[in-house]
Amino acid sequence: QLQLVESGGGLVQPGGSLRLSCAASGFFLDTYSIGWFRQAPGKEREGVAYISHNGGRTAYADSVKGRFTISRDNAKNRADLQMNSLTPEDTAVYYCAAGAYTVVPLEGPYDYWGQGTHVTVSS
């Protein structure tokens with residue numbers, strides 16, 4: 001049915017880069033805003049990045065601004081998160097989510113969620 005699947009997580013050294021992907025099936029992303037969220041152990045879920053349905057607007061949490069870049073390819077029904085200059089504080093499970101164009105960018109509400117992909121930044 002309607003699914004979002006994240007991929008690209010793994011182990012990376014501090015200062016390294018990682019690219020996460022979010023693939024949709026069962027529905028088309030072209031009418032949805034996309035958000036990336038993360039949750040680290042013992043911490044609240046944090047909205048990391050947002051992109052509007054047509055890519056015209058993006059938003060980032062202060063903690064990742066200048067290091068992370070969100071993008072989307074509606075023809076491929078996919079959204080990506082490029083993460084650079086990673087630090088141990090970026091270690092978390094990362095989730096992608098899809099919501100109506102009316103969502104508050106880094107808050108929601110988002111209607112569909114993926115299962116998450118683990119990102120570990122460690123030397």
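Please refer to the structure higher up on the page.
How each quantity is defined
In every chain, residue numbers begin from 1 and rise along the written sequence. Totals for whole chains, interfaces and linings use every residue, but because this is a predicted model, local features are given only for residues with pLDDT of at least 70 and side-chain atom pairs only at 80 or more, for both listing and counting. With hydrogens and water excluded, all non-hydrogen atoms of the structure serve as input to the side-chain values. The nonpolar core is taken to be a set of buried Ala, Val, Leu, Ile, Met, Phe, Trp, Tyr and Cys residues, with the residues joined through side-chain atoms within 4.5 Å. Burial classes: relative accessible area under 20% of the type maximum marks a residue as buried, over 50% as exposed, and values in between as partly exposed (1.4 Å probe, protein chains only). Counting from the N terminus, the helices are the DSSP runs of H or I reaching at least four residues and the strands are the DSSP runs of E reaching at least two. Residue contacts are defined here by distance: any two heavy atoms, one from each residue, within 4.5 Å place the two residues in contact. Strand pairing is assigned whenever DSSP identifies at least 2 bridges connecting the two strands.

1. Notes on the nonpolar core
Membership of the largest hydrophobic core comes to 30 residues, with the highest contact counts inside it found for Leu4, Leu20, Trp36, Phe68, Leu81, Met83 and Tyr94. At the level of elements, β3 (18-25), β4 (33-39), β5 (46-51), β7 (68-73), β8 (78-83), β9 (92-99) and β11 (117-121) are the ones that each hand at least two residues to this core. Every residue in contact with Tyr94, bar those within four places of it in the chain, is listed here: Glu6, Leu20, Trp36, Phe37, Arg38, Phe68, Leu81, Met83, Gly116, Thr117 and Val119. One finds Phe37, Ala59, Ala97 and Tyr110 within the second-largest nonpolar core, a separate group that totals six residues.

2. Overview of the pairing of β7
Alternating positions in β7 separate cleanly, Phe68, Ile70 and Arg72 being buried on one face and Thr69, Ser71 and Asp73 remaining unburied on the opposite face. Turn length for the β7-β8 hairpin, with the two strands adjacent in sequence and antiparallel, is four residues, and the turn residue Asn77 shows positive phi of about 55°.

3. Details of the side chain of Ser21
Along the chain, Ser21 falls in strand β3. Note on Ser21: relative accessible area 15%, which makes it buried. Apart from residues lying up to four places away in sequence, Ser21 is in contact with Val5, Glu6, Ser7, Trp36, Arg78, Ala79 and Asp80.

4. Quick word on the side chain of Asp90
Structurally, the position occupied by Asp90 is in the loop between β8 and β9. Overall, Asp90 belongs to the buried group, its relative accessible area being 1%. Those residues in contact with Asp90 that sit more than four places away from it in its chain are Arg38, Arg67, Phe68, Ser85, Val119 and Val121.

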